[in-house]
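# Remarks on the overall topology
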Amino acid sequence: MLPVIGVKDLGVCAKPGNRHGVVSQDRHGTRVVTRDGRTFHVAAVFDGHGIAGELAAEACRDTFLRLIDIGGDDEDLLVRLWDRPEECFPKLFSQLNQAAIEAHEHAPNSYSFIMDGRAMKLSLERKKNQPAMYVRHRMFGRDDAIPIDFGTTAVVAIHADGKLVVANAGDSSAILYSCSPADPTRLSPRQLSTRHTAEEFAEVERLQATHGDSIQINPDGYFGPSDGPMLDWLMQNTRSLGHKLMQQYGITCEPAISVTRLDSLSRAVVLCSDGLTDDISLKAVGSVIQGAPTAQAAADALFAKAWRDAYDPDDVDDISVIVMTLGRQDTAS
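What you see as residue numbers is a count from 1 along each chain, following the sequence as written. Whole-chain, interface and lining totals are the exception, using all residues; otherwise, since this is a predicted model, local features are given only for residues with pLDDT of at least 70 and side-chain atom pairs are given and counted only at 80 or more. Where side-chain values are given, they derive from all heavy atoms of the structure, hydrogens and water being excluded.

It is worth spelling out unusual backbone geometry at this point. Phi at D36 takes a positive value of approximately 50°, unusual for a residue other than glycine. Its location among the elements puts D36 in the loop between β2 (26–35) and β3 (38–49). You can call D36 exposed: its relative accessible area is 83%. Backbone geometry at A52 places phi at a positive 70°, although glycine is not the residue there. Numbering of helices and strands starts at the N terminus; helices are DSSP runs of H or I of at least 4 residues and strands are runs of E of at least 2. Relative to the helices and strands, A52 is located in the loop between β3 and α1 (53–70). Working definition: with a 1.4 Å probe on protein chains only, accessible area under 20% of the residue-type maximum means buried, over 50% means exposed, and in between means partly exposed. On the accessibility criterion, A52 (1% relative accessible area) is buried.

This brings us to the packing of α1 against helix α3 (residues 85–102). Whenever a helix is involved, its axis is fitted only over the stretch in contact; in every case the axis is a line through C-alpha atoms, and angles between N-to-C directions fall within 0 to 180 degrees. Axis separation between α1 and α3 bottoms out at 8 Å; the angle between their running directions is 135°. The orientation of α1 with respect to α3, classified from their angle, is oblique. Along this stretch, α1 crosses α3, giving a crossing that reads as right-handed. The segment α1 lies against α3, with A56, A59, C60, T63, F64 and L67 engaging L92, Q95, L96, A99 and A100. Charged residues are taken to be Asp, Glu, Lys and Arg, nonpolar residues to be Ala, Val, Leu, Ile, Met, Phe, Trp, Tyr, Cys and Pro, and polar residues to be all remaining types, Gly included. Residue classes in the contact of α1 with α3 are distributed as nine nonpolar, two polar and no charged. Each angle receives one of four descriptions, namely roughly parallel if under 35 degrees, roughly antiparallel if over 145, roughly perpendicular if within 65 to 115, and oblique otherwise. Each crossing gets its handedness from the near helix: less than a right angle anticlockwise from the far helix is left-handed, clockwise is right-handed. Should any heavy atoms of two residues lie within 4.5 Å, those residues are considered in contact.

Attention now goes to the pattern of salt bridges. The working definition used for a salt bridge is a side-chain nitrogen of Lys or Arg within 4 Å of a carboxyl oxygen of Asp or Glu. Counted according to the given criterion, the structure contains 13 salt bridges. Between R61 and D62 there is a salt bridge, with the nearest N and O atoms lying 2.6 Å from each other. Take R61: its relative accessible area is 18%, and that puts it in the buried class. D62 gets classed as partly exposed once you look at its relative accessible area, which sits at 38%.

With that out of the way, let us pick up the pairing of strand β9 (residues 154–160). Within β9, seven of the seven residues are buried, which leaves it mostly tucked inside the rest of the structure. A two-sided burial pattern is seen for β9, the buried positions comprising A154, V156, I158 and A160 on one face and V155, A157 and H159 on the other. In short, DSSP must find at least two bridges between two strands for them to pair. Pairing geometry for β3 and β9, over five bridges, is antiparallel. Considered in β9, the bridge of V42 is made with I158. Taken together, β9 and the strand that follows it, strand β10 (residues 163–169), pair antiparallel across an intervening segment of two residues, in which D161 is found at a positive phi of about 50°.

Further remarks concern the packing of aromatic side chains. Any Phe, Tyr or Trp ring, taking Trp's six-membered ring, that has another such ring centre within 6.5 Å forms a pair; planes under 30 degrees apart are called stacked, those over 60 apart edge-to-face, and the others tilted. In total, this model carries four aromatic pairs according to the counting rule given. Aromatic side chains F89 and F93 sit 6.2 Å apart centroid to centroid with 75° between the ring planes, which places their arrangement in the edge-to-face category. You can see F89 and its partner F93 sitting in helix α3, four residues apart, about one turn around the helix. For the residue pair F89 and F93, the accessibility class agrees, reading buried in each case. Relative to W307, the ring of F303 has its centre 6.3 Å away and its plane inclined at 35°; by these criteria the two rings are tilted. Remark: W307 and F303 occur in helix α7 (residues 295–308); sequence separation between them is four residues, near one turn of the helix. Note on F303: relative accessible area 11%, which makes it buried. Charge over a ring is defined by NZ of Lys or CZ of Arg lying within 6 Å of the ring centre and within 35 degrees of the ring normal. The ring of W82 is capped by K163, whose NZ or CZ atom sits 4.6 Å from the centre of that ring.

Structure below.
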């Protein structure tokens, strides 16, 4: 009988960069839950973007953890997500998307925005019978008020009994690290999430097929409306939660889903925002994990390396990383 691979240890490091001042637009959550004698390890990272994007990330994190904690009416939600992911995760992401959209109703009247290393105080206004908050500031190069639209990426992982289920929307990542039978000292990465940006061919094809007449996609991997009040909007993420306005231009909350049966070579799973992977190679992440004595030490070391190796030290993104180390179920927690 093959050994069942479980979670041995879990570590989290989530801190702001300097791109948004002292504000972090990332949110994360973890749970270790026992249901019917089965232990579930749950981890999630939400990376907000846009003015007030942290509101979307926080709404999704809080809603997700609340739903995990209370379960459902007829069957526990956590068990359903793990047992029937293709059916249940799209419904969950739709609920999280609605929570992020509702966060637009709670946007503040003022907001500090960092641009070129300088903090700017923006006054936000709500126009009667309009679906969004609006902002005025000369830094946008326009005299009229422009609409605010924000959202968040999401990556969720659920593990139990050696089976790992991952769902994601956007560019936050889930990566499995395994060792080679020939070289147990080296960890090799495998992406369990799917990157949803306007740089990815499949996403560009989807956008052009469904919204080609109303969007523009530039060579730098950004897309946005080709006309109207949102003309100056450009985004990288093509799937996201909470974009109240951009969803009419092809943004979708439909998640990518993967199911992996862990084996004796599986050593660690990493969930992270793109603040980690933008400046560190996946191979380098594996080297840090291999050299760390605990999952928490690995998470702390990854944050430190991402900050140290940042391409632009004056524009460091928020960084959230969750490390789950793996081992035989009889020796795992």
